[in-house]
Amino acid sequence: MNTKWNAAAGRLETTARGRAVLSNPRLNRGTAFTEEERRELDLVGLVPPQVLTQDQQAARAYQQYQAQPTDLAKNVYLTALHDRNERLFHRLIGDHLAEMLPIVYTPTVGAAIERYSYEYRRPGGVYLSVDAPEDIERSLRATGLGPGDVDLIVATDGEAILGIGDWGVGGIDIAVGKLAVYTAAAGVDPQRTLGVMLDVGTNRRELLDDPLYLGNRHPRVDEETYDAFIDAYVTAATTLFPNAMLHWEDFGPVHARRILDRYREKIFTFNDDIQGTGAVNLAAVLSGVEAAGVPLPDHRIVILGAGTAGIGVADQLRDALVASGLSPQQAASRIWAVDRHGLLTEGQRGLRDFQTPYVRRGTEVAGWQRDEELGGIPLAEVVRRVRPTILIGTSGQGGAFTEEIVRAMAAHVRRPVILPMSNPTRLAEAVPADLLAWTGGRALIATGSPFAPVEFEGVTYEIGQANNALVFPGLGLGAIVAGADRVTDRMLVAAAHAVAGQTDATAPGAPILPLIDRLRETSVAVAVAVARAAAQDGVAHAPVGDDIEERVRAAAWQPDYPPVKAV
Ligand SMILES: NC(=O)C1=CN([C@@H]2O[C@H](COP(=O)(O)OP(=O)(O)OC[C@H]3O[C@@H](n4cnc5c(N)ncnc54)[C@H](O)[C@@H]3O)[C@@H](O)[C@H]2O)C=CC1
Ligand SMILES: CC(=O)C(=O)O
Ligand SMILES: [Mg+2]
């Protein structure tokens, strides 16, 4: 069976017939096949007689969706729709973006990952096993995709899913979820993408002991085996699909950093948790700083959680401070990073290489109060001493921004910028309603997971989502349209400015980031800015001229049904 897009004729051409048509989600449109298509494709009698439009199908699917009793059931319903009729799935999500993003993405995707081996129906991508690296190429080829057919691959090893940790093979759902967002938010062509699970085992005992667990049933492998496996994947993926951007998602902090450092100068690659999060955080900070009316170099920034996301955030803030005139040392000194053993300080146990720029001198913190159980200086003491103007949470510790800490911060700052970025929702360091109450409505807030608007003293506060979903879809589309072969720092900074430029946070109650119902437009702005930055850096291999916005808009894939021709 063979199905191909014939661009010249503007139609799909397939050798499939009968049930094989209905069981191919890329081809299937069920009751929307026309009479003529039904005859040509041998579908007469295999579907009920009425011919529906996609609008009618979408209306029915939406009713079925709404009838699901829980968010997890809605996620399972949408996954099943995706596996049955991919275009209808994207049509539905596109029509209800703000409502469904929390179902296919954070927070509900977290629950779907935890329940993966129980809710499993059909495979969601390509599963590569550390126990058989010799099969990587064969598995990637088995997708039937050729060298010019893939723009983007999202891969995970499932070690650090959102803030919920190691979920082994269930991690495939974060790759699938990110891909859904690429398409819903920016119109990246889903048929030119792949989700990949790099199964290196799991250290979660309950999965290893679970007879239904579907992944490799052994602990995560040693470093040497791991690195060789990643290398084999990169070699196979870049050889088979030379134009594809390799996106890395939810790796543990050590691996995330090492992989990015190893490959970023050599191949077209992007770590979402480090680079995408850094960019969306920078956007929130730029917008918050503008609303606060205090120039960026005058801010003091405290970050709780100095892991993959936290240090990615710190690095882009440091670079932005340097761009505004500070030396690299001065810039780093404006950032206080607090991890599981408190403020990063000289000689602390367990410091990681990538944290080094933010480690504070012993002399600086000599008189600061320590918490011996914690093994260092706690967040509350850091806030008391530093008097931060910006407080960022990337710790995965729900409720860590306590009333005492937030009130202490707000006592010294007119408009505190507070960004609890951890996901899923229950791991937010604080919730917007509390932050507004504790600061008398003065806090400028954005959160990693979605929150409803908050009424406080007669003002409705819209809460922007400081989530890399504001960045990676547009970044991907912009890079694809520009024919980029690298993701450069300039492209990330351009993305951050484009996001910040989409909102005016100065009005009372206005969000500091563009809302999700405007995500399509935000992604266009990001894509245009990213394409231009790629051209400036000399990494674009397609022309990026005055018509770039038109080209970005034209490149966005649409879920309408094209004609199907039996061949
Ligand atoms: N909003 C967004 O776009 C994004 C949000 N995140 C969120 O950030 C959180 C962290 O994710 P990653 O950086 O990928 O994980 P990670 O595991 O790399 O980093 C978490 C860090 O928090 C530290 N930590 C743990 N307990 C702590 C405590 N009690 N106090 C202070 N630090 C503590 C850990 O030592 C680690 O360094 C997750 O909840 C994730 O969902 C991550 C990426 C994007
Ligand atoms: C949003 C995201 O990438 C995370 O929470 O890991
Ligand atoms: Mg992530």
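Thresholds applied
Residues numbered from 1 in each chain as written. Chains lettered and ligands numbered in written order. Predicted model: local features only at pLDDT ≥ 70, side-chain atom pairs only at ≥ 80, totals over all residues. Heavy atoms only, no water. UniProt positions renumbered as here; feature names shortened; annotations may be inferred. Axes fitted to C-alpha atoms, helices over the stretch in contact; angles between N-to-C directions. Helix = DSSP H or I, 4+ residues; strand = E, 2+ residues; numbered from the N terminus. Parallel < 35°, antiparallel > 145°, perpendicular 65-115°, else oblique. Contact = heavy atoms within 4.5 Å. Nonpolar A, V, L, I, M, F, W, Y, C, P; charged D, E, K, R; others polar. Expected span 1.5 Å × (residues − 1). Buried < 20%, exposed > 50% of the residue type's maximum accessible area, 1.4 Å probe, protein only. Polar contact = N/O pair within 3.5 Å; in protein donor to acceptor, adjacent residues only side chain to side chain. Phe/Tyr/Trp six-rings, centres within 6.5 Å; stacked < 30°, edge-to-face > 60°. Lys NZ or Arg CZ within 6 Å of the ring centre and 35° of its normal. Core = buried A, V, L, I, M, F, W, Y, C linked by side-chain atoms within 4.5 Å. 1 Å grid on protein atoms, 1.4 Å probe; cavity = no way out; pocket = protein on both sides within 12 Å on 5 of 7 lines; lining within 4 Å. Points joined across faces, edges and corners; volume = space filled by probe spheres on them. Near = heavy atom within 4 Å. Areas by Shrake-Rupley, 256 points an atom, 1.4 Å probe, with all protein chains shown as cover. Sits in = over half its atoms within 2 Å of the grid points.

- Named according to an unreviewed UniProt entry, the protein chain is Oxaloacetate-decarboxylating malate dehydrogenase originating from Streptomyces glomeratus.
- According to the UniProt record, the Sequence similarities (unreviewed entry) comment for the protein chain is "Belongs to the malic enzymes family."
- In the Cofactor (unreviewed entry) part of its UniProt record, the protein chain is described as follows: "Mn(2+)".

A word on the packing of helix H4 (residues 71-84) against helix H6 (residues 97-104)
And step 1. The interhelical angle for the contact between H4 and H6, taken along N-to-C directions, is 95 degrees, at an axis separation of 9 Å. As summarised for this structure, H4 and H6 are arranged roughly perpendicular, according to the angle between their axes. Within the contact between the two elements, H4 uses Asp-71, Lys-74, Asn-75 and Leu-78 and H6 uses Met-100, Ile-103 and Val-104.
And step 2. Residue composition of the contact of H4 with H6, by class: four nonpolar, one polar and two charged.

A look at helix H14 (residues 272-292)
And step 1. With 21 residues, H14 should cover 30 Å at 1.5 Å per step; its first-to-last C-alpha distance of 28 Å lies within 8% of that length.
And step 2. Summarising burial for H14: 19 of the 21 residues are buried, a large majority.
And step 3. At the N-terminal end of H14, a side-chain oxygen is found 2.9 Å from the backbone nitrogen of Asp-273, two or three residues along, and the residue is Asn-271.
And step 4. Where H14 terminates, the next one or two residues include Gly-293, which has phi positive at roughly 75 degrees.

As for the packing of aromatic side chains
And step 1. Using the criterion set out here, one finds six aromatic pairs in the structure.
And step 2. Between the aromatic rings of Trp-248 and Tyr-263, the centroid separation amounts to 6.4 Å while the plane-to-plane angle is 15 degrees, which identifies the pairing as stacked. In this pair, Trp-248 is assigned in strand E6 (residues 245-248) and Tyr-263 in helix H13 (residues 253-263), connecting sequence segments 15 residues apart.
And step 3. Overall, Tyr-263 belongs to the buried group, its relative accessible area being 5%.
And step 4. Pairwise contacts between aromatic rings join Tyr-233, Trp-248, Phe-251 and Tyr-263 into one cluster.
And step 5. Here the basic side chain of Lys-74 rests over the ring of Tyr-65, its NZ or CZ set 5.4 Å away from the ring centre.
And step 6. A cation sits over an aromatic face here: Arg-204 above Trp-167, 3.8 Å from the ring centre.

Focus: the nonpolar core
And step 1. Formed by 104 residues in total, the largest nonpolar core has its most connected members in Leu-78, Tyr-182, Ile-392, Leu-419 and Leu-513.
And step 2. Ranked by residues supplied to this core, first place goes to helix H22 (residues 519-536) with ten residues.
And step 3. Among all residues touching Leu-419, those that are not within four sequence positions of it are Asn-281, Ala-284, Val-285, Leu-391, Ile-392, Gly-393, Phe-401, Ile-445, Ala-446 and Ile-512.
And step 4. Counting 33 residues, the second-largest nonpolar core is a separate cluster that includes Ile-136, Val-150, Trp-248 and Leu-260.

Re the layout of surface pockets
Vacant regions in the atomic arrangement are exposed by a probe of water-molecule size rolled over the atoms.
And step 1. Space inside the second largest pocket adds up to approximately 1100 Å³.
And step 2. Among the elements of the structure, H14, helix H15 (308-323) and strand E9 (335-339) are those that each provide at least two residues to the lining of the second largest pocket.

Topic: the packing of helix H17 (residues 379-386) against helix H18 (residues 403-410)
And step 1. In the contact formed by H17 and H18, the axes pass within 9 Å of each other and the chain directions differ by 10 degrees. Relative to H18, the element H17 lies roughly parallel. Contact with H17, carried on its side by Leu-379, Ala-380 and Val-383, involves Ile-405, Ala-408 and Met-409 of H18 and no other residues of that element.
And step 2. For the contact of H17 with H18, the class distribution of residues is six nonpolar, no polar and no charged.

Structural notes on the site of ligand 2
And step 1. Around ligand 2 lies a shell formed by Tyr-105, Leu-162, Lys-178, Glu-249, Asp-250, Asp-272, Asp-273, Asn-423, Asn-467 and Asn-468.
And step 2. Between Glu-249 and ligand 2, the recorded distance is 3.0 Å, taken from a side-chain N or O atom to an oxygen atom.
And step 3. In this structure, Asn-468 approaches ligand 2 through a side-chain N or O atom, which is 3.0 Å from an oxygen atom.
And step 4. Computed on the free molecule, ligand 2 has an accessible area of 220 Å², of which 88% lies beneath the protein chains in the complex.
And step 5. When atom positions are compared with the pocket grids, ligand 2 is found to occupy the second largest pocket.
And step 6. Class assignment for the residues of the shell around ligand 2 results in two nonpolar, three polar and five charged.

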